[in-house]
Amino acid sequence: MSALAISQRPAISRQLARLPGWTVLIAWTAAVLLPLYILVVSCFKTTAEIYDNRLGLPQGFAFDNFINAWTRADLGQNFINSLIVTGGAVILTIVVSAMAAYPLSRYKLGWNAIMLGLFLSGIMLPIRLASVELFTLMRNLGLLDSLTGLILVYSAIRIPFAVFIFANFMRVLPSELDEAARMDGAGEVRILFQIILPMVKPAVSIVAIFTAIAVWNDFFFPLIFIFDDRYKTVPLAISVFVGQFRTDWGLVFASLAISMAPILIMYCLLARQIREGVGTGGGMK
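Residues numbered from 1 in each chain as written. Predicted model: local features only at pLDDT ≥ 70, side-chain atom pairs only at ≥ 80, totals over all residues. Heavy atoms only, no water.

A.B. asks: Is there a simple way to think about empty space enclosed by the protein in this case?
C.D. replies: Any space left empty among the atoms is revealed by the rolling of a water-sized probe across them. Considering all chains together, one arrives at one cavity of 30 Å³ or more under this definition. Computed from the structure, the largest cavity encloses a volume of approximately 30 Å³. Around the largest cavity, the lining residues are Ser82, Val85, Thr86, Tyr154, Val215, Trp216, Pro222 and Thr233. Listing elements by their share of the lining of the largest cavity, those giving two or more residues are helix H4 (75–106) and helix H10 (201–216). (1 Å grid on protein atoms, 1.4 Å probe; cavity = no way out; pocket = protein on both sides within 12 Å on 5 of 7 lines; lining within 4 Å. Points joined across faces, edges and corners; volume = space filled by probe spheres on them. Helix = DSSP H or I, 4+ residues; strand = E, 2+ residues; numbered from the N terminus.)

Structure below.
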């Protein structure tokens, strides 16, 4: 056997060892891209075309689907409502969870582990099990049929996850930062928002994008808390195209494509920070 063949054996073995991983990645990529492809091509089809040829390219590009979806579902007002709710929930979640994570990660107190465990329990408990009690609370507080009520509900749901993320990122920052700022006369609020929070931008990006996706796409809570058409969000607006006996799938796919745009733009803007945060694992040691 030649020396060249012997030297090639380790390289071949490494490639074979990577084969299962590459197979999983290719399968996962196909599973993600196939629904996206179906969504894109179906935006330009009529309902009859979708039923006749679901995977094929459209015979003609039906741009009227986007116009009809925008006008018939009043997506303009619904977009504004969703932007208000999503933006308000993201900002409130970041501010409150950062303020909660700061003492849990920067102060050495005996009850920190207990408090963090309580926040983690909020991640494990499904909030939809308490829908009746939550509806009663919202009614008693006069928050039904309002965007403010939705913002408060979504923020309360997302805060436990956000506290966990912020605490992991803040915990590894050197304590000398806090001590130096206090010596310069800075208060705790200033230390948090002007020193600590800018240093954990990947955590802010992760919390922002995950909160935005969860809030923007949610159908359940607007369905049970919103009754007035003026306050409906995008998922509720899209539901008008789905009927018991007939569904206009062309308009459904077009409205879904329109609703994806803000989240895609937000992800593109925050992608680098998210990759940095995921790649470092929150800086955990």
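A.B. asks: I tried to follow the packing of aromatic side chains on my own but got confused; where do I start?
C.D. replies: Enumeration over the complete set of coordinates arrives at nine aromatic pairs. Between Trp70 and Phe79 the ring centres are 5.7 Å apart and the planes differ by 40°, which places this aromatic pair in the tilted class. Here Phe79 falls in the buried class, since its relative accessible area comes to 12%. On the numbers, 6.1 Å between centres and 85° between planes, the contact of Tyr154 with Phe221 is edge-to-face. (Phe/Tyr/Trp six-rings, centres within 6.5 Å; stacked < 30°, edge-to-face > 60°. Buried < 20%, exposed > 50% of the residue type's maximum accessible area, 1.4 Å probe, protein only.)

A.B. asks: What is the right way to read the packing of helix H7 (residues 147–171) against H10 from this model?
C.D. replies: A pair of packed helices is characterised by two quantities: the angle between their axes and the separation of those axes. In the contact formed by H7 and H10, the axes pass within 10 Å of each other and the chain directions differ by 160°. In terms of orientation, H7 and H10 fall into the roughly antiparallel class. Crossing of H7 over H10 shows right-handed handedness. Facing H7, whose interface residues are Tyr154, Arg158, Phe161, Ala162, Ile165, Phe166 and Phe169, H10 presents Pro202, Ala203, Val204, Ile206, Val207, Phe210, Thr211, Ala214 and Val215. For the contact of H7 with H10, the residue count by class is 14 nonpolar, one polar and one charged. (Axes fitted to C-alpha atoms, helices over the stretch in contact; angles between N-to-C directions. Parallel < 35°, antiparallel > 145°, perpendicular 65-115°, else oblique. Left-handed = near helix turned anticlockwise from the far one by under 90°. Contact = heavy atoms within 4.5 Å. Nonpolar A, V, L, I, M, F, W, Y, C, P; charged D, E, K, R; others polar.)

A.B. asks: Help me out: how do you make sense of the nonpolar core in this one?
C.D. replies: Nonpolar side chains tend to gather and get buried jointly when the protein is soluble and globular. Membership of the largest hydrophobic core comes to 45 residues, with the highest contact counts inside it found for Leu75, Val163, Phe166, Met170, Ile196 and Val200. Secondary-structure elements contributing two or more residues to this core are H4, H7, helix H9 (188–199), H10, helix H12 (234–238) and helix H13 (249–280). The biggest single contributor to this core is H4, with nine residues. Setting aside anything within four residues of it in sequence, one finds Met170 in contact with Ala98, Ala101, Tyr102, Ser105, Arg106, Leu192, Ile196, Leu197 and Val200. By size, the runner-up hydrophobic cluster in this structure holds 15 residues, among which are Met138, Ile151, Phe225 and Ile226. (Core = buried A, V, L, I, M, F, W, Y, C linked by side-chain atoms within 4.5 Å.)

A.B. asks: How do you make sense of H9 when you look at a structure like this?
C.D. replies: Since the α-helix advances by 3.6 residues per turn, residues separated by three or four positions end up pointing in the same direction. Across its 12 residues, H9 extends 15 Å between first and last C-alpha, which sits within 8% of the 16 Å expected from 1.5 Å per residue. Of the positions making up H9, those classed as buried are Ile191, Leu192, Ile196 and Leu197. Along the axis of H9, the buried positions cluster into a sector of 135°, meaning they face one direction only. Turning to H9, the residues buried within the fold contact H4, H7, helix H8 (176–183) and H10. (Expected span 1.5 Å × (residues − 1). Arc of directions from axis to C-beta.)

A.B. asks: Honestly, helix H6 (residues 131–141) in this entry has me stumped. Any pointers?
C.D. replies: Where H6 is concerned, the buried positions are Ser131, Leu134 and Met138. The buried side chains of H6 occupy one side of the element, clustering within an arc of 60° when seen end-on. Every exposed residue of H6 that faces more than 90 degrees away from the buried side is listed here: Val132, Glu133 and Asn140. Where H6 is buried, its residues contact H7 and helix H11 (220–225).

A.B. asks: It is not clear to me how the packing of H4 against H7 should be interpreted in this structure. Could you clarify?
C.D. replies: Closest axis-to-axis distance for the H4/H7 pair is 6 Å, and the angle between their directions is 35°. The chirality of how H4 crosses H7 is right-handed. By residue class, the composition of the contact of H4 with H7 is 22 nonpolar, six polar and three charged.

A.B. asks: Even after reading the chapter, I still don't get the pattern of salt bridges, so can you show me in this structure?
C.D. replies: In a structure, side chains of opposite charge can pair up when their charged atoms sit close to one another. Applying the stated criterion to the full structure yields four salt bridges. Among the salt bridges present, the one from Glu188 reaches Arg182, with a minimum N-O distance of 2.8 Å. Of the charged contacts, one joins Asp229 and Lys232 as a salt bridge, the two residues approaching to 2.9 Å between their closest N and O atoms. We classify Lys232 as partly exposed; its relative accessible area is 24%. (Salt bridge = Lys/Arg side-chain N within 4 Å of Asp/Glu carboxyl O.)

A.B. asks: Would you mind showing me how to read the layout of surface pockets here?
C.D. replies: Here the largest pocket is characterised by a volume of approximately 390 Å³. Elements supplying a minimum of two residues to the lining of the largest pocket: H6, H7 and H10. Examining the composition of the lining of the largest pocket, we find that seven residues originate from one element, H7, more than from any other. Of the residues assigned to the lining of the largest pocket, the class counts are 17 nonpolar, one polar and three charged.

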